[in-house]
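Geometric and topological summary
Residues per chain are reported as follows:
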Amino acid sequence: MQHLSSRLLILLLFFGTFFSAFGQKEPVNISDLTKIVTTGSISISPDGEKAIFVKSFMEEEQGSFTYKRQLWMMDMKQPNTMRPISSPTANSSGASFSPDGKTLAFTRAYKGKSQIWLLPLNGGEAQVLTDAKYGASNPVWSPDGKKILFSSTLPMWAIEGEPDWEHQRPGRSFGDEPDYRAIQAGLAKEEVKPNVDGDLAELRAWLAKNAAKQDPKVIDRLNFLGEKDLSPDLYFSHLYTIDLESKTETTLTSGFQNYFGATWSPDGSYILASSLKNELHPDFTQHTEVWKVDLATQEASVFFALEGFRVGNPNFSPDGKSILVSGQEIDEPSYNQSMIGVLQANGSGFKWLTESLDRSVGSAKWSTDSKSIYFTAANEGGFSLWSVQASNAKITPLITGQVGVGSFDLHGDRLLYAFTEVKNPSELYLADKNAKNARQITRFNEDWLATKEISFPKAHRLKTDDGFEIEYWVMEPVGRKPGVKYPTVLQMHGGPSAMWGPVKALCGMNSKSWLRRATVSCMATQEALADMEKPSKRGTSKTGEMALHPMC
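Residues numbered from 1 in each chain as written. Predicted model: local features only at pLDDT ≥ 70, side-chain atom pairs only at ≥ 80, totals over all residues. Heavy atoms only, no water.

Examining helix α3 (residues 200–212)
Convention followed: In this description a helix means any DSSP run of H or I spanning at least four residues, a strand means any run of E spanning at least two, and both kinds are numbered starting from the N terminus. One less than the residue count of a helix, multiplied by 1.5 Å, gives the span that helix is expected to have. Any pair of N or O atoms that falls within 3.5 Å is considered a polar contact. Within protein, one atom must be able to donate a hydrogen and the other to accept it, and sequence-neighbouring residues count only if both atoms are side-chain atoms.
If you check α3, its first and last C-alpha atoms are 18 Å apart, about what 13 residues at 1.5 Å a residue would give, namely 18 Å. The opening residue of α3 is Asp-199, an N-cap whose side-chain oxygen sits 3.2 Å from the backbone nitrogen of Ala-201. Just past α3, the residue Gln-214 takes up positive phi, approximately 60 degrees.

See the structure below:
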């Protein structure tokens, strides 16, 4: 395998040089991964005059490449006039406009931890606002612009008390050994001296001191596998506010319970957030509810729950009369589609809006007039954009096909969105609220793509024995010659229910997948490989719920 990879790389370099020398388009090279620019985190100012987005790209530093995130701002009246407003070395993200549109709150590292910063848009340098011990993220402005709500994630050992669930180590109890991470942080005292030859308490202390250094890593939870490493520790996200004038921070939530996806009430008197009181270990449930935090009393209680469903991510309509939530049945979370619904501001009158669509939807946002909700979902090889009327659940497709809408925002009759095609991984487009009269705003990737030859996937369908259709794509070699046989690579994604199609990469994942397809076409150009991609088993989130359930 290593020998084959080396030969392919040599072929890539040889043919890339050959095509360039004769002024023809050349295949996409593996190194082109470093040239891909993506756009996202789009936000339009409250007055609709400005918009911000994050430009993500790679830069070479001392022989290696690192990912960069840079904030950009554009004039909505002259959208081609845009400029960066942060340094690429700062890796800023999570930006949001103040209610008056004059200040940005965003997230950037400070003293090695993520903190909230403020940037005046009429001139001046960004200033750090928070100095939270465990970092700060997800800034949300209060309706009057005087406070900012934010999240901070604490390790379990930094939280006072004991959880309600049973200890996961048989025969053990919480607090039966010292936690040296808490001791080192000044949150606990060393009451038992560690001694490998001592009694049981001293031996446990000795083992615990080594475990605090992750030598060895002690795993006592079910969900211990992370993306890149083991995740043996539990963390809990809590909510705080900071007063912009006095810089006073207020702790809103505490304990062994997560609070996330938080939003202010229209009058600023309370907070709604996704949460769940953990009577079981957090790894044993995927259930969530909508909780209310009263700012006067700092008491937290269940605001809205739905039996048999996880619900969360509350979002008030601009007129303050309705609340948007997302949810999913919890009996088969791997197969059941995610949906969006609405309820009245007092928590009554709930109804689902997208159940009839039979797609896993997300990224939902209210229209300015509070009458419609825009959302995206994986759909037959693309990442489509729809709108649904809040009053009667009428769904309208806006952008469909084998293209993708990633981040988006809308204000009045204008829609700004990140658009992905097979021929271009990510650019910004501006259209009317019906996604008509679209025009391209950015051209971050066009220069380097202009010299590249890309194989465009061709969609095919096959029918299973039980009557379901499965879609797959074939990428033919660039410059394919009739009558010539080419080797074929069959690529099947891991599933079981995540869609994998021509543009899923940029809309729901990352640019590496987009480049993988281009690289396969590059290999095919050299008469080495062709690529076929096919969803796993019999269906994915793009094909509807019935196609997702396992066959008997």
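With respect to the sheet that holds strand β2 (residues 38–44)
The condition is simple: For two strands to be treated as a pair, DSSP must find no fewer than two bridges joining them. Fitted lines through C-alpha atoms give the axes, limited to the stretch in contact for helices. The angle between two N-to-C directions lies from 0 to 180 degrees.
The antiparallel open sheet is built from 4 strands, whose spatial order is β2-β3-β4-β5. Edge positions in the sheet fall to β2 and β5 (82–84), since each of these pairs with one other strand and no more. Looking at each pair of strands side by side, their axes are set apart by 30 degrees on average, direction ignored.

A word on the pattern of salt bridges
Convention followed: We define a salt bridge as a contact between a side-chain nitrogen of Lys or Arg and a carboxyl oxygen of Asp or Glu at a distance within 4 Å. Buried, partly exposed and exposed residues are distinguished by accessible area as a fraction of the type maximum, computed with a 1.4 Å probe on protein chains only: under 20%, between the cut-offs, and over 50%, respectively.
Under the defined criterion, the tally for this structure stands at 19 salt bridges. With its nearest N and O atoms 3.8 Å apart, the salt bridge here joins Asp-409 to Lys-365. Note that Asp-409 is positioned in strand β26 (residues 404–411) and Lys-365 in strand β22 (residues 361–366), a separation of 44 residues in sequence. Asp-409 gets classed as buried once you look at its relative accessible area, which sits at 12%. Take Lys-365: its relative accessible area is 25%, and that puts it in the partly exposed class. A salt bridge links Arg-443 to Glu-446; the shortest N-O distance between them is 3.0 Å.

Some words on unusual backbone geometry
Across residues other than glycine, the phi torsion is negative in most instances, and most of the peptide bonds are trans. Here the residue pair Asp-215 and Pro-216 is connected by a cis peptide bond, since its omega of 5 degrees sits within 30 degrees of zero. Topologically, Pro-216 is positioned in the loop between α3 and β12 (235–243). In this structure, Lys-111 is a non-glycine residue whose phi angle is positive, near 55 degrees. In this structure, Lys-111 sits in the loop between β7 (103–110) and β8 (113–120). A positive phi is found at Asp-358, a non-glycine position, where the angle reads about 60 degrees.

What to know about the environment of Ala-345
Heads up, the condition is: In what follows, a contact means two residues having at least one pair of non-hydrogen atoms within 4.5 Å.
With respect to the helices and strands, Ala-345 occurs in the loop between β20 (339–344) and β21 (351–352). With 24 residues separating them in the primary sequence, Ala-345 and Lys-321 have C-alpha atoms 5.3 Å apart. Here Ala-345 is in contact with Tyr-270, Phe-303, Phe-316, Gly-320, Lys-321, Ser-322 and Ile-323, once residues within four sequence places are set aside.

Brief notes about the side chain of Gln-70
With respect to the element layout, Gln-70 can be found in strand β4 (residues 64–75). In this structure Gln-70 comes out as buried when scored by relative accessible area, which is 9%. One polar contact links Gln-70 to Trp-72, side chain to side chain, over a distance of 3.1 Å. Sequence-distant contacts of Gln-70, defined by excluding residues within four places in its chain, comprise Phe-53, Val-54, Lys-55, Phe-57, Pro-84, Ser-86, Ser-87 and Pro-88.

Remarks on the confidence of the model for the protein
Let me state the cut-off plainly: Every residue carries a pLDDT, the predictor's confidence in it, which falls somewhere between 0 and 100.
Across the protein, the average pLDDT comes to 85, with 84% of residues at 70 or higher. This model gives residues 1–22 a pLDDT under 50, and the stretch forms 19 contacts once residues within four places in sequence are excluded. Confidence drops under pLDDT 50 across residues 505–512; counting only partners more than four residues distant or on other chains, this segment forms 22 contacts.

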